[in-house]
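Residue-level listing of the chains:
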Amino acid sequence: MAAARALELALGAIALGCQAPLPDLPDRVESADAGADAEAAALVIEPAGDASAAPPVLRLRVSAPGDAGLVPLLFEGELGSYHLGKIKKGDLPATLRARSLPVLAWSAPGYAVVAPTAALTPGASYSVASEGLGLLGTFEVVADGVPVLARLWPPPGAAGAVAVYCGEPGDAPREGGSVTLEPAGVLARFTPGALDAGLLEDRCVTLDVARALDESDGALAPPLRVGAAALEPEPLGGAPAPQGTRAACEAGERPLGPGCASVDDDRIVVRAPSDARLWCLVSSRVTLLRAVPGGTRFVVRGWAPLELARVAVTVADGAGNLERAADELTFLPARPHVVISEVLANPSGREPAQEWVELVNDGSLAVELEGWALSDGAGETILPALRLEPGAYALVVREDFVRDDGADVPVPGDVPLLVVRELGKSGLSNSGEALELREPSGVVRSRFPARSASKAGVSIARREPGSLDDDALAFGRSGEAGATPGAPNTLE
């Protein structure tokens, strides 16, 4: 999961269901090659499934007659006789440990429960084994069509008494209800939507633990199903971090909930307090739900220049405490938002001929680029005339650049080229160098950090056009084919 997941969507209307009952033991699951060890054990897949069609989000009940201390392990793939012998002796080689999956396991009278902490991969096979007994069973996972709601809050690895799960529109179930979090038997309740504001009710649900958690509760498994949806199975629990301090607003900022905000023409930049929190902002144009790491900034956009908008804010901390605020914001006149979006400094083809820098107009104004300057610190390149419309892309390239050289991702013919004699002082450095884009007046409009381009044919890209220049998580190597000239970016 990403470190700062976000939903910027319209509101819907839903509700949610409670956990379905689990099947009773001992419905044995056997596979043709399980062997004698599995014959002595029973493996039950929850929700109801069989060895050839297990769901991606599941739990396993494992029983072995006369073995009260059963500690099952889960492995990717099938296990050969060599590895089974190692498992029986409790001597796992590195190759086998690499195939072991993280699970939450606990004992009950007569059986043990194994709960994988992440959804399993459809089409893959898995094996359950334990020290002393060896193989207990094998099964194969298939896509069952059940939507999986991803955990938006708390962040991965963090504790919290309130959890929010979201999926696609229509994924969330339709009724609230009570559930029990195992193995500590902690009671909790699901309610429709995010937090108590009822936001995004067609795609989100909120789990609220009935009491304060502490370290003695240990890790808690969320329910497998809520209505017709599964939940991301990462465990909950533990004592939440102490509440952080409120952000101290600086010149040009104004208080917004526990943070501070600076208002621009069609967006605001919010600076979060020192601890991670879940932010929800709602206005007539914008709905945003985002888990934000402590001490970071994030952009909320979607307003119109010169608009007067009322913005409601609800913020949850790790303990589930909610803070609400509302403010009227007056947005500024429209201004240029041309952004350095992607850089190919290490092409597979000829260097420096096939290097390029991608620009995108992320604002509401068309921008004349003649006289703008692209600087790499050692020199600058003055851009030729080009009118860049809102949402449009352009590539800055050398005179000897070829759109399709057969080595790199071709540049589509409808992407305009800003042709210059030199790109940088002596080409773009593969080891990484910071870039700046300046208006003719000298105002810096965009910065791109120095990132090593060690892999030929793979660009360094900004996650989104609105990502902040100083956000270290907003830049990385391009995914997909290695580069996306003239198109939205994807990162590895």
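Residues numbered from 1 in each chain as written. Predicted model: local features only at pLDDT ≥ 70, side-chain atom pairs only at ≥ 80, totals over all residues. Heavy atoms only, no water.

Re the packing of aromatic side chains
In this structure the tally under the stated criterion is 4 aromatic pairs. Relative to phenylalanine 298, the ring of tryptophan 279 has its centre 5.6 Å away and its plane inclined at 65°; by these criteria the two rings are edge-to-face. Here phenylalanine 298 lies in strand β21 (residues 297-301) and tryptophan 279 lies in strand β19 (residues 277-282), a separation of 19 residues in the sequence. Taken individually, tryptophan 279 and phenylalanine 298 each receive the classification buried, so the pair is uniform in this respect. (Phe/Tyr/Trp six-rings, centres within 6.5 Å; stacked < 30°, edge-to-face > 60°. Helix = DSSP H or I, 4+ residues; strand = E, 2+ residues; numbered from the N terminus. Buried < 20%, exposed > 50% of the residue type's maximum accessible area, 1.4 Å probe, protein only.)

Here we look at empty space enclosed by the protein
In total, this model carries 4 cavities of 30 Å³ or more according to the counting rule given. Size it by volume and the largest cavity reaches roughly 90 Å³. In terms of lining, the largest cavity is formed by 13 residues, of which the most central are Val343, Ala345, Gly432, Glu433 and Arg451. Here the lining of the largest cavity is built from residues that sort into 9 nonpolar, 2 polar and 2 charged. Volume-wise, the second largest cavity comes out at about 50 Å³. Lining the second largest cavity are Val57, Leu58, Arg59, Ala115, Pro116, Ala221, Pro222, Leu224 and Pro233. A class-by-class count of the residues in the lining of the second largest cavity yields 8 nonpolar, no polar and 1 charged. (1 Å grid on protein atoms, 1.4 Å probe; cavity = no way out; pocket = protein on both sides within 12 Å on 5 of 7 lines; lining within 4 Å. Points joined across faces, edges and corners; volume = space filled by probe spheres on them. Nonpolar A, V, L, I, M, F, W, Y, C, P; charged D, E, K, R; others polar.)

Looking at the layout of surface pockets
In this model, the second largest pocket occupies a volume close to 480 Å³. Every residue lining the second largest pocket is counted, 21 residues in all, and those nearest its centre are Asp264, Arg335, Arg445, Leu468 and Asp469. Every element with two or more residues in the lining of the second largest pocket is listed here: β17 (259-263), β18 (267-271), β21 and β33 (444-448). Ranked by residues supplied to the lining of the second largest pocket, first place goes to β33 with 4 residues. Split by residue class, the lining of the second largest pocket holds 7 nonpolar, 5 polar and 9 charged.

Overview of the sheet that holds strand β32 (residues 435-438)
Strand pairing in a sheet takes place through backbone hydrogen bonds and is either antiparallel or parallel in direction. Read across the open sheet, the 4 strands follow the order β28-β27-β32-β33; overall the sheet is antiparallel. Single-partner strands in this sheet number two, and they are β28 (380-382) and β33. The average undirected angle you get between the axes of adjacent strands in this sheet is 15°. Taken together, the 3 bridges between strand β27 (residues 373-375) and β28 define a ladder with antiparallel strand orientation. From the neighbouring strand, serine 375 faces β28, where its bridge partner is glutamate 380. (Pairing = 2+ DSSP bridges. Axes fitted to C-alpha atoms, helices over the stretch in contact; angles between N-to-C directions.)

Things to note about the pattern of salt bridges
Within this structure, the stated rule accounts for 24 salt bridges. In this structure, aspartate 91 and lysine 86 form a salt bridge, with 3.2 Å as the shortest nitrogen-oxygen distance. The salt bridge partner of glutamate 492 is arginine 477, with a shortest N-O separation of 3.3 Å. Of this pair, glutamate 492 sits in the segment after β35 (475-477) while arginine 477 sits in strand β35, and the two are 15 residues apart along the sequence. In this structure glutamate 492 comes out as exposed when scored by relative accessible area, which is 62%. Three or more residues are tied together by salt bridges with common partners; here these are Asp266, Arg267, Arg301 and Asp362. (Salt bridge = Lys/Arg side-chain N within 4 Å of Asp/Glu carboxyl O.)

A short note on the side chain of aspartate 171
Checked against the element boundaries, aspartate 171 lands in the loop between β10 (162-166) and β11 (177-181). Comment: no salt bridge for buried aspartate 171; closest opposite-charge side chain is arginine 203, at 7.1 Å. In this structure aspartate 171 touches Pro147, Leu149, Asp202 and Ala229, once residues within four positions along its chain are discounted. (Lys, Arg positive; Asp, Glu negative; His and termini not counted. Contact = heavy atoms within 4.5 Å.)

Observations regarding the sheet that holds strand β6 (residues 111-116)
Strand order across the open sheet formed by 4 strands is β2-β3-β6-β5, with antiparallel pairing between neighbours. Each end of this open sheet is capped by a strand with a single partner; those strands are β2 (42-46) and β5 (103-108). Within this sheet the neighbouring strands show an average axis-to-axis angle of 20°, counted without direction.

Overview of the confidence of the model for the protein
Residues of the protein with pLDDT of at least 70 account for 90%, and the chain-wide mean is 86. Contacts for the low-pLDDT stretch residues 1-38, under 50 throughout, to residues beyond four places or in other chains number 122 contacts. (pLDDT = per-residue confidence, 0-100.)

Here we look at unusual backbone geometry
Between glutamate 46 and proline 47 the backbone carries a cis peptide bond, its omega angle lying at -10°. Looking at the element boundaries, proline 47 is found in the loop between β2 and β3 (59-63). Cis geometry is found at the peptide bond from glutamate 351 to proline 352, where omega equals 0°. Within the secondary structure, proline 352 sits in the loop between β24 (338-344) and β25 (356-361). Despite not being glycine, leucine 200 shows a phi value in the positive range, around 55°.

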